[in-house]
Amino acid sequence: MKLTVNCWFWFGTFLIPLTCLILRSQAGVVEDFSRVERCKDFLYMGTPPRGYLSTSLKKICQRFVDEPRFITLYNPQKHIPIYSAYIFKKSDGEKRVDVPWMFEPQLATDKGSSNMEPFPQSSLMHRNFEDTQAVLEDYADVVQYERGQLNPDEHQADPQDKAATYTLTNVVPLIREFSFGPWSTQVEVTRKRLNNYCHGKAYLITGVTTSGNMIRRDNQDRVAIPEFVWTAYCCTDYDHNAPYSERYKFPAFGAYGLNDRVNNHIVEVPIKNLEKFLKGKMEVDKNFQIFYNDCVSDL
């Protein structure tokens, strides 16, 4: 991945095509988000959350139609994203309904495409990559769960950015009552708040904690079921004349909720409080931090 970064420092007419070719071949699953130019753009100060202890998690620069759209830290053993990070786009909150579900070829093989791709129509083909990620069959017979997007369609505006959220590497199983109730309400609350009061870029990170419960298929553990779902945003350029009820939730704020049928209300908290809560729920070290410098601008 260092080659991808260093090649941008070369100048000259004849190197431009080579640079583009290298970038395209190196995207997809990457070694370090902060060293891949177009991928680190989705992170405040180009810095991913720090403190995750697992070394088996995969870093995906989510590409659709040859363009990076957002990033995901993915667990190939539990077959769910640990978090997705994206830039919020002012939107009307409408969802797309014409997009096929997609998968990440590079999780299955290094030679796979760096773009997410629609699932093959033949379910037999899914066996080629089901060891490293969730497949459609995992969600086929579990009526109590919905496919919950960590980067939600409703937080994007461009049709292709919205389409890119329909990859199962951006999806976790959410209890229907939680998904359609408190969580969808929180997605909308965040959308309206950032639409109305964030003047600059808003960086969002949405993730999960797990407790061991799994969706099973063919007598095998297939997909981890989140215990809690959390989200946080960072917007340093905001409306200082906003009502206090909204203004105190800038430049950064967070929220979390229990993925269950009951006791699933959303708790909105400052970033430090969210980090403290998550330290007790995830395999992270004492320096766990969601945003660089907790989204406090150095200016």
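Counting restarts for each chain, with residues numbered from 1 along the sequence as it is written. In view of the model being predicted, local features appear only for residues whose pLDDT reaches at least 70, and side-chain atom pairs are presented and counted only at 80 or more, with totals across whole chains, interfaces and linings using the full set of residues. Computation of side-chain values: all heavy atoms of the structure, hydrogens and water removed.

The protein appears in an unreviewed UniProt entry as Endonuclease domain-containing 1 protein-like from Culter alburnus.

On to helix α6 (residues 176-197), then. Runs of E in the DSSP output that reach at least two residues are strands. Runs of H or I that reach at least four are helices, and both are numbered from the N terminus. Here the expected span of a helix is defined as 1.5 Å times the quantity of residues minus one. Here α6 spans 30 Å end to end across 22 residues, near enough to the 32 Å set by a 1.5 Å rise per residue. Consider a residue and the seven residues that end there alongside the seven that start there; fitting an axis to each set, the bend is the angle between those axes. Along α6, the largest kink reaches about 35° and is centred on W183. Per-residue accessibility, obtained with a 1.4 Å probe over protein chains only, is compared with the maximum for each type, and a residue is labelled buried under 20%, exposed over 50%, and partly exposed between these values. Buried residues of α6: F178, S179, W183, Q186, V187, T190, R191, R193, L194, N195 and Y197, and no others.

Next up on the list: the packing of aromatic side chains. What counts as a ring pair is set by centres within 6.5 Å for rings of Phe, Tyr and Trp (its six-membered ring), and what kind of pair is set by the plane angle: stacked under 30 degrees, edge-to-face over 60, tilted for all other angles. Enumeration according to the criterion identifies 15 aromatic pairs in this entry. Between the aromatic rings of F103 and F129, the centroid separation amounts to 3.9 Å while the plane-to-plane angle is 5°, which identifies the pairing as stacked. Of this pair, F103 sits in strand β6 (residues 102-103) while F129 sits in the loop between β7 (117-118) and β8 (145-149), placing them 26 residues apart in sequence. On the basis of an interplanar angle of 70° and a centroid distance of 6.1 Å, the ring pair of F228 and Y256 is categorised as edge-to-face. With F228 in strand β11 (residues 220-234) and Y256 in strand β12 (residues 252-258), the pair connects residues that are 28 residues apart, well separated along the chain. For the pair F228 and Y256, one class covers both residues: buried.

This paragraph deals with the state of the cysteines. Two cysteine sulfurs form what is called a disulfide whenever their separation falls within 2.5 Å. For the structure shown, the criterion picks out 3 disulfides. Paired by a disulfide, C39 and C61 hold their sulfur atoms 2.0 Å apart. Its S-S torsion of about -100° marks the bond between C39 and C61 as left-handed, since a negative value means left-handed. You can see C39 sitting in helix α3 (residues 37-40) and its partner C61 sitting in strand β3 (residues 58-64), a full 22 residues away along the chain. Given the relative accessible area of 0%, C61 is considered buried. Covalent S-S linkage joins C198 and C235, the inter-sulfur distance amounting to 2.2 Å.

This part is about the confidence of the model for the protein. On average, residues of the protein score 89 in pLDDT, and 90% of them are at 70 or above. Note on scores: pLDDT gives the predictor's confidence for each residue, bounded by 0 and 100. Two residues qualify as a contact provided that any one of their heavy atoms is within 4.5 Å of a heavy atom in the partner residue. Predicted confidence is poor over residues 1-26, with pLDDT under 50, and the contacts of this stretch with residues over four places away or in other chains come to 22 contacts.

At least two DSSP bridges between two strands are needed for those strands to be called paired. Taken together, 8 strands build an open sheet; the order of strands is β1-β3-β4-β5-β10-β11-β12-β13 and the sheet is antiparallel. Because the sheet does not close on itself, it has two edges, and the strands there are β1 (29-30) and β13 (266-269). By the bridge criterion, 5 bridges tie strand β4 (residues 67-75) to strand β5 (residues 80-87) in an arrangement that is antiparallel. Each residue of the ladder has a partner; that of L73, found in β5, is Y83. Whenever a helix is involved, its axis is fitted only over the stretch in contact; in every case the axis is a line through C-alpha atoms, and angles between N-to-C directions fall within 0 to 180 degrees. Strand contacts of α6: β10 (203-217), β11, β12 and β13, with the helix running at about 30° to β11, the strand carrying the most contacts.

Next up on the list: the pairing of β12. In terms of residue burial, β12 counts as a mostly covered element, since 6 of its 7 residues are buried. Relative to β12, β11 is paired through 7 bridges, and the arrangement is antiparallel. In the strand pairing of β12, F228 is matched with L258.

Before going further, it helps to spend a moment on the pattern of salt bridges. One speaks of a salt bridge when a side-chain nitrogen belonging to Lys or Arg is within 4 Å of a carboxyl oxygen belonging to Asp or Glu. Per the counting criterion, the structure on display carries 21 salt bridges. R96 serves as the salt-bridge partner of D98, at 3.0 Å between the closest nitrogen and oxygen. When the shortest N-O distance is used, the salt bridge between K249 and E268 registers 3.1 Å. Placement of K249 in the loop between α7 (244-247) and β12 and of E268 in strand β13 is noted, with a sequence separation of 19 residues between them. With a relative accessible area of 10%, K249 lands in the buried category. Linked by salt bridges that have partners in common, E130, D138, R217, D218 and R222 make up one network.

Take the nonpolar core next. Nonpolar side chains tend to gather and get buried jointly when the protein is soluble and globular. Core analysis: the biggest nonpolar cluster contains 51 residues, and L194 and F250 have the highest contact counts within it. The contacts of F250, once residues within four sequence positions are left out, are R193, L194, Y197, C198, Y233, C235 and Y238. Take the buried Ala, Val, Leu, Ile, Met, Phe, Trp, Tyr and Cys residues and link them wherever side-chain atoms come within 4.5 Å; each set so joined is a nonpolar core. Core analysis: the second largest hydrophobic core is formed by 34 residues, L43, Y44, L57 and I271 among them.

Another point: the environment of L150. As for its placement among the helices and strands, L150 is situated in the loop between β8 and α5 (159-163). The class for L150 is buried, based on a relative accessible area of 2%. Sequence separation of L150 and V208 is 58 residues, and the distance between their C-alpha atoms is 8.8 Å. Excluding anything up to four places from it in sequence, L150 contacts P81, Y83, S84, Y86, N170, V172, T206, G207 and V208.

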